[in-house]
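Fold and contact review
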Amino acid sequence: MFGLLSTLFKGTNSGADGASTGQVAIDQIRAAEADESTAKRELATLIRQQRTEQTAMDFLRSRQSALEDRVVQAMAAGRDDLATNGARAIADLVNQASVRMQTLARLDERVSRLRHSVSKAHRRIIALRRGAAGDSAMGPEDGPERSPVSPLPDPSADTSPTDAPTENGFNAATTVRAEDILIRLRTAPAPTTQYLSP
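Residues numbered from 1 in each chain as written. Predicted model: local features only at pLDDT ≥ 70, side-chain atom pairs only at ≥ 80, totals over all residues. Heavy atoms only, no water.

1. Details of the overall build of the protein chain
Broken down by element type, the protein chain carries 3 helices and 0 strands. The order of α-helices and β-strands along the protein chain, N terminus first, is α-α-α. Residue pairs at least 24 apart in sequence account for 82% of intrachain contacts in the protein chain once pairs closer than 6 positions are excluded. Accessible surface computed for the protein chain: about 12,600 Å², of which carbon and sulfur atoms make up 56%. (Helix = DSSP H or I, 4+ residues; strand = E, 2+ residues; numbered from the N terminus. Contact = heavy atoms within 4.5 Å. Areas by Shrake-Rupley, 256 points an atom, 1.4 Å probe, with all protein chains shown as cover.)

Written out as structure tokens, the structure reads:
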């Protein structure tokens, strides 16, 4: 009688352990799916930001090219006042472009990290599902112990260095001035966009 009760008790505990292991597997899969979903949403947001910044860069390039043509014409006509005003506007565009280029570089890095995170989360889901399917085919005492699911790295954390801005929003060491624009255009009259090259 005692042997029968002991066997039934062990069977009950074994069933409970199996149910517990199954729930852990389900929780891990759900956590991995949530990670993947979050990473995909953040990736879509960053890609939209990339496109917005690129559109702004294209506009700055076009605007700079048009203004450089006008400044060259003004210098040829002896209108130094117009040339100086145009050079100031170009310098402002160049400095804006410099900031946007840095932003685009950081976005490119974050998008790359986030794509890796999405891929990693997807592989994790596949592995967990395969593990759960394998466990269901084994006895509860034969199933491997599962380690907790480690969280994905935060792709939004930007650790890349940035230039320290001045009170005007640009780094003093890299700020382009109107005088720089005039010197460049006088020595190379043909309009160029060397400051905005990718």
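2. Some thoughts on the nonpolar core
Nonpolar side chains in soluble globular proteins tend to end up buried together. In terms of nonpolar packing, the biggest core is built from 19 residues, with Val71, Met75, Ala83, Ile90, Ile181, Leu182 and Leu185 touching the most fellow members. Elements represented by at least two residues in this core include exactly α1 (2–76), α2 (80–137) and α3 (178–187). Considering every element that reaches this core, the biggest residue donor is α2, with 8 residues. When neighbours within four sequence positions are excluded, leucine 185 is seen to be in contact with Glu68, Val71, Val72, Met75 and Ile90. Residues Ala39, Leu43, Val111 and Val118 belong to the second largest nonpolar core, which totals 8 residues. (Core = buried A, V, L, I, M, F, W, Y, C linked by side-chain atoms within 4.5 Å. Buried < 20%, exposed > 50% of the residue type's maximum accessible area, 1.4 Å probe, protein only.)

3. Concerning the environment of aspartate 58
In this structure, aspartate 58 sits in helix α1. Classification of aspartate 58 as partly exposed rests on a relative accessible area of 42%. For the pair formed by aspartate 58 and alanine 97, sequence separation is 39 residues and the distance between their alpha carbons is 9.5 Å.

4. What about α3?
Among all positions of α3, only Ala178, Ile181, Leu182, Arg184 and Leu185 are buried. Projected down its long axis, α3 carries its buried residues within an arc of 165°, all on one side. Facing away from the buried side of α3 by more than 90 degrees, the exposed set consists of Ile183, Arg186 and Thr187. (Arc of directions from axis to C-beta.)

5. Topic: the environment of aspartate 92
Of note, aspartate 92 is situated in helix α2. Judged by its relative accessible area of 38%, aspartate 92 is partly exposed. In sequence terms aspartate 92 and arginine 177 are 85 residues apart; their C-alpha atoms lie 8.0 Å from each other.

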